[in-house]
Amino acid sequence: LSAATIVNTSRSCFEALKSVEDKIKQQITASLVVHFDETGLYTEGSRWWLHVASTKNLTYYAAHPRRGKAATDDIDILPNFYGTAVHDFWSTYFKYKCSHALCNVHHLRDLKGIEECYSQKWAIDMASLLLEIKETVDEKRVVVGKLDKDRIDSFKERYDKIIKEGLTENPPDRVRDGPKKRGRKRKSKAKNLLCRLKEYWRETLAFMYDFDIPFDNSQALSSGIYNPQDLQKP
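Residues numbered from 1 in each chain as written. Predicted model: local features only at pLDDT ≥ 70, side-chain atom pairs only at ≥ 80, totals over all residues. Heavy atoms only, no water.

## Some thoughts on the sheet that holds strand 2 (residues 46–54)
- Across the sheet, which stays open at both edges, the 5 strands sit in the order 3-2-1-4-5 with mixed pairing between neighbours. Each edge of the sheet is formed by a strand with only one pairing partner; in this case those strands are strand 3 (59–64) and strand 5 (99–102). Averaged over all neighbouring strand pairs, the angle between strand axes comes to 25 degrees, with direction disregarded.
- In this structure, strand 2 lies alongside strand 3, joined through 6 bridges in antiparallel fashion. For Trp-49, the partnering residue across the bridge sits in strand 3 and is His-64. (Pairing = 2+ DSSP bridges. Helix = DSSP H or I, 4+ residues; strand = E, 2+ residues; numbered from the N terminus. Axes fitted to C-alpha atoms, helices over the stretch in contact; angles between N-to-C directions.)

## Overview of the confidence of the model for the chain
- Here the chain averages 91 in pLDDT, and 88% of its residues register 70 or above.
- Confidence drops under pLDDT 50 across residues 224–234; counting only partners more than four residues distant or on other chains, this segment forms 7 contacts. (pLDDT = per-residue confidence, 0-100. Contact = heavy atoms within 4.5 Å.)

## What about unusual backbone geometry?
- In the Ramachandran plot, Asp-76 falls in the positive-phi region, its phi being about 70 degrees despite a non-glycine side chain.
- Relative to the helices and strands, Asp-76 resides in the loop between helix 2 (69–75) and strand 4 (84–87).
- Positioned with a positive phi, Ser-119 is a non-glycine residue whose angle comes to about 55 degrees.
- If you trace the backbone, Ser-119 turns up in the loop between helix 3 (104–118) and helix 4 (121–140).

## Topic: the environment of Trp-201
- Of note, Trp-201 is situated in helix 7 (residues 201–204).
- In the structure, Trp-201 is positioned 45 residues away from Lys-156 in sequence and 9.0 Å away in space, judged by C-alpha atoms.
- Each residue touching Trp-201, except ones within four places of it in the same chain, is listed here: Lys-156, Tyr-159, Arg-196 and Tyr-209.

The following block contains the structure:
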């Protein structure tokens, strides 16, 4: 086949499927819960980003040279989306007025890193609590539509207690002394994670309050296309 034949065939397929693509996009935008993610790829030697928006039944891909809000505005799903966006805490997503839910698989990975690198007990306790809540939700969703208030309050109280213990292990940063050392020291990874879990507790525990919201963002991650070289890294 000549190059021109391949180009013409691709163009014909694109035009024939445009209405299908538009319908997928419209239905995802109107969904109550949507998973979002982005991953790098190369187009003719240039770094681009593959953006993914997916539900249980639909997936929409969009390749774009940008990663941030310029790209998500151009893709035009998030600007008109008013459900719950499940994602990995990428700051761009918080620029939209929809509700948010954070991926707890990412949290578990980060907590494991804190445990291994800093040997902090709160990280072990938080990971165990998140998994316990998930197990409880998975068990209860079979017979009921939500957790009872006492169970929710108990989990939230334990969550807050672990955060408090973690902040005790990671006291406030001291202000640097000297003319060339003004401002506060850069926060450690442990402190950054604690601050995120404290400030975004509702987004972290969204799956506990609403059974329609998943524990993690695996739906979008499994829908993404990854660079094979990334899989070879140790």
